[in-house]
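Spelled out, the chains give:
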Amino acid sequence: MTGFPIERPRRLRRSPALRRQVAETRLDPAAFVLPVFVVPGEGVLREIASMPGHQQRSVDEVVPLAEEAESLGVGGMIFFGIPARKDDRGTSAWDPEGPVPRAIAAVKRHAPDLVVWADVCLCEYTSHGHCGVVVGDVVDNDATLPLLAKAAVAYADAGADVVAPSDMMDGRVGAIREALDDAGHTDVAICSYSVKYASAFYGPFRDAAESAPAFGDRRTHQMDPPNVREARREVRLDVLEGADIVMVKPAGPYLDVISEVRDLVDLPVAAYQVSGEYSMIRAAAERGWIDGDRVMLESLTGIVRAGADIVLTYFAVDAARALGGDR
Ligand code: PBG
């Protein structure tokens, strides 16, 4: 090859059809998982101020959203629960009548083509908003493991396909795997939030899930943003403990991490485009500063191009619609 003028990269960019044909990355709604916040009660559909387009929903209001997502080809939904009652051990997290088990069962019945995920963490269920049992002023790692395992089993009992621990306790994947297997749920998969950074991008989520810590922060268990070798270590440990899918979170500011993890393992890699990533795009679009639909698709394309096979995103339904509409 001799370069210009023989080589002209512009030849393959001349028309939409040519560009589509040579695209190296394609977005498929089947890769998307939509996060949903489930509350107790009936007929509850409460707008989340910091996440325009998203609501806290009672189970009966989750069902129509699930049906819409399914009809658009969205791959799945992940549930976060806001319980009626919080206490210092987060005991509502494994209540079989809690919002998450009920949502899982309802969606399995009404939208059977969706993969149903359940987030496993105690922060929405504890009165202090921490992800586990607090002793002194730290989250006690080993005392938290059996509680996470109980919650995971409750979601598996309700019919979850995938349980996704987001707490960042050491050893929780192994503890959950063992508890699931003991309960007969050998076929329920674990997606570990293996690489979860202590990120300021979670701000809007903590309003949506009512899970902001009452004191302190999560930096003694979530990862420090500068680190990527440590990400590989977390992933290796979770694979050894039996993770079926590994996740990187947030997504957009950590594309290099997604790419490293993709190279490291053969498992599917998920990435979570978190609440702050979503809300920043929505806010700028509302002001007319950016083209919201194009930035949405470009941000998702970047995450998939970096190596994510699965994307958890608040844009799941909007992006599926933008990509082609009802099937
Ligand atoms: C913890 C959890 C959080 C998110 C997902 N699971 C919050 C946190 O760690 O504080 C954040 C997701 C988002 O920002 O969209 N249960």
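Every chain's residues receive numbers from 1 upward, in the order its sequence appears when written. Residue-level local features of this predicted model are given only where pLDDT is at least 70; pairs of side-chain atoms are given and counted only at 80 or more, and the full residue set underlies all totals for whole chains, interfaces and linings. Water and hydrogen atoms were dropped before computing side-chain values, which therefore reflect all heavy atoms in the structure.

A. Region of interest: the overall build of the protein. Within the protein, the secondary structure is distributed over 11 helices and 12 strands. Atoms counted for the radius of gyration: C-alpha only. Globule rule: 2.2 Å times the number of residues to the power 0.38. Computed over its C-alpha atoms, the radius of gyration of the protein comes to 20 Å, within 12% of the 20 Å expected for a compact globule of 327 residues. Viewed in the frame of its principal axes, the protein has a C-alpha envelope of about 70 × 45 × 40 Å. The buried label goes to any residue with under 20% of its type's maximum accessible area, the exposed label to any with over 50%, and the partly exposed label to all in between, with areas taken from a 1.4 Å probe on protein chains only. In the protein, which comprises 327 residues, the share counted as buried stands at 51%. The criterion used for residue contact is that any of the two residues' heavy atoms lie within 4.5 Å. Residue pairs at least 24 apart in sequence account for 73% of intrachain contacts in the protein once pairs closer than 6 positions are excluded. Residue exposure ignores everything except the shown protein chains as possible cover, and the areas themselves are Shrake-Rupley values with a 1.4 Å probe. As displayed, the protein has an accessible area near 14,800 Å², and 50% of this comes from carbon and sulfur atoms. Counting 35 positive and 49 negative side-chain charges, the protein places the centres of these two groups 9 Å from one another. The helix and strand labels rest on DSSP assignments: H or I over at least four residues marks a helix, E over at least two residues marks a strand, and numbering proceeds from the N terminus. Charge assignment in this entry is limited to Lys and Arg as positive and Asp and Glu as negative, and neither His nor the chain termini are counted. To locate a charge, take NZ of a lysine, CZ of an arginine, CG of an aspartate or CD of a glutamate.

B. The arrangement of the environment of A208 in detail. Looking at the secondary structure, you find A208 in helix 6 (residues 203–208). With residues near it in sequence (within four places) discarded, A208 still touches F37, I48, M51, Q56 and I82.

C. Up close: the pairing of strand 5 (residues 115–120). Extensive coverage of strand 5 is indicated by the burial of 5 of its 6 residues. For two strands to count as paired, DSSP must find a minimum of two bridges between them. Strand direction decides the pairing type here: strand 4 (residues 76–81) and strand 5, joined by 4 bridges, are parallel. Across the sheet, I78 pairs through a bridge with W117, a residue of strand 5. With the strands pointing away from the viewer, any crossover whose connection runs clockwise from the first strand over the helix to the second is right-handed. For the segment spanning strand 4, helix 3 (residues 99–110) and strand 5, crossover handedness is right-handed. Bridge count between strand 5 and strand 8 (residues 162–165): 4 bridges; the pairing is parallel.

D. Seen up close, unusual backbone geometry. In the segment running from F4 into P5, the intervening peptide bond is cis, with an omega of 10°. Along the chain, P5 falls in the segment before helix 1 (16–21). Of note in this structure, M168 is not a glycine but carries a positive phi near 70°. Following the sequence through the fold, M168 ends up in the loop between strand 8 and helix 5 (172–182).

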